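Here is how the chains run, residue by residue.
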Amino acid sequence: MKLKAMLLDDNSIRRALVRISHEIIEKNKGVEDIVLVGIKRRGYPLAKRIASQIEKIENVKVPVSCVDITLYRDDLTSFGDLPNINHSELDISIKNKKVILVDDVLYTCRTVRAAIEAIIDQGRPQFIQLAVLVDRGHKELPIRADFVGKNVPTSKDEIVNVMITEIDGEDSVKIYEK
C-alpha cells in the first residue's frame, strides 16, 4: 500500500470531536437522556472522548457503552467457520434513551446496520443518531451520519486507515492506494 495523503492529524481529530460534541448537544437541545454507544473497536474510545467533551461543555456525565457486532454481521461466514463470539449486551439501559452510535469510518453502512440491530435487541431507544469521524462514501444501505468529522470522497481502491491513541499509539487518519 502506498500512502496517498494524511487526512487528519491529532489536532484535526481533536477539533472534529469537539465540533461533533457541540453538534450533538445542539441538535438534541442538551444532553438529557443521551447515551453514547461506540462500535467496537475504534468507535468505543471515540465515544468516550465525545462524552468527555460533552462533560466539559455541559458539566454532565453522559453514559458510554460499546456494542460488539460480531453476531450481527451479514458476512459472518467470510470470517471462517468459528468466529470469535463476544458478549454483545450493553452495560447501560437504552430503553427510551437518545442513542448516539459512534464509529470511526462510515463506508458501506453494513457495520452500522449490524450495530443498530444489536442495540435494538437490547431495548427500544427513543431514536438512534450516528456520529462518525470519517464518511468516505460508497454506501450500500440507505444510512447517513447525523454528525461527521470529515467527509472524504474516496475510490473503492483506496483504504482509509484510522489510528487512535488508545489502540494504535497515535491519532491520525490516512488514505492509502492499494
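Residues numbered from 1 in each chain as written. Predicted model: local features only at pLDDT ≥ 70, side-chain atom pairs only at ≥ 80, totals over all residues. Heavy atoms only, no water.

Per an unreviewed UniProt entry, the protein chain goes by the name Bifunctional protein PyrR and belongs to Sarcina ventriculi. Under the UniProt heading Catalytic activity (unreviewed entry), the note attached to the protein chain is "UMP + diphosphate = 5-phospho-alpha-D-ribose 1-diphosphate + uracil". (UniProt positions renumbered as here; feature names shortened; annotations may be inferred.)

1. Digging into the sheet that holds strand β1 (residues 2-8)
Taking strand neighbours across the sheet as the criterion, the three strands line up as β1-β8-β7 in an open arrangement whose pairing is antiparallel. At either end of the open sheet lies a strand with only one pairing partner, and these are β1 and β7 (158-163). Pairwise comparison of adjacent strand axes, ignoring direction, gives a mean angle of 25 degrees for this sheet. (Pairing = 2+ DSSP bridges. Helix = DSSP H or I, 4+ residues; strand = E, 2+ residues; numbered from the N terminus. Axes fitted to C-alpha atoms, helices over the stretch in contact; angles between N-to-C directions.)

2. Digging into the sheet that holds strand β3 (residues 64-67)
Within the open sheet, the five strands sit side by side as β3-β2-β4-β5-β6. Their pairing is parallel. The strands lining the two open edges of the sheet, one partner per strand, are β3 and β6 (147-151). Adjacent strand axes in the sheet meet at a mean angle of 25 degrees, parallel and antiparallel pairs treated alike. Its contacts with the sheet place helix α2 (residues 43-58) against β2 (34-39), β3, β4 (98-106) and β5 (127-135), and it is angled at close to 150 degrees to β2. Across the sheet, helix α3 (residues 110-120) lies against β2, β3, β4 and β5, angled at about 155 degrees from β4, the strand it touches most. (Contact = heavy atoms within 4.5 Å.)

3. Comments concerning the environment of His138
Of note, His138 is situated in the loop between β5 and β6. For His138, a relative accessible area of 27% translates into the label partly exposed. Separated by 85 residues in sequence, His138 and Gln53 place their C-alpha atoms 30 Å apart. Setting aside its immediate chain neighbours within four residues, His138 contacts Tyr107, Thr108, Thr154, Ser155 and Lys156. (Buried < 20%, exposed > 50% of the residue type's maximum accessible area, 1.4 Å probe, protein only.)

4. Some points on the nonpolar core
Among the nonpolar cores identified, the biggest contains 31 residues, and Ile24, Leu36, Leu133 and Val173 are the most heavily contacted of them. Where this core is concerned, the elements lending two or more residues are β1, α1 (10-27), β2, α2, β4, β5, β7 and β8 (172-177). Of the residues forming this core, the biggest block, six residues, is contributed by α1. In this structure, Val173 is in contact with Ala5, Met6, Leu7, Leu8, Ile13, Leu133, Val134, Val160, Asn161 and Val162, ignoring residues within four places of it in sequence. Within the second largest apolar cluster, 22 residues are counted, among which are Val67, Ala114, Ala115 and Val148. (Core = buried A, V, L, I, M, F, W, Y, C linked by side-chain atoms within 4.5 Å.)

5. Section: the pairing of β2
With respect to burial, β2 is a largely interior element, six of its six residues being buried. As paired elements, β2 and β4 share five bridges and run parallel to each other. Bridge pairing in β4 places Gly38 opposite Val102. Where β2 meets β3, four bridges bridge the pair, whose relative direction is parallel. If you follow Ile39 over to β3, its bridge partner there is Val67. Running through α2, the crossover from β2 to the neighbouring parallel element β3 is right-handed. (Right-handed = clockwise from strand over helix to strand, strands pointing away.)

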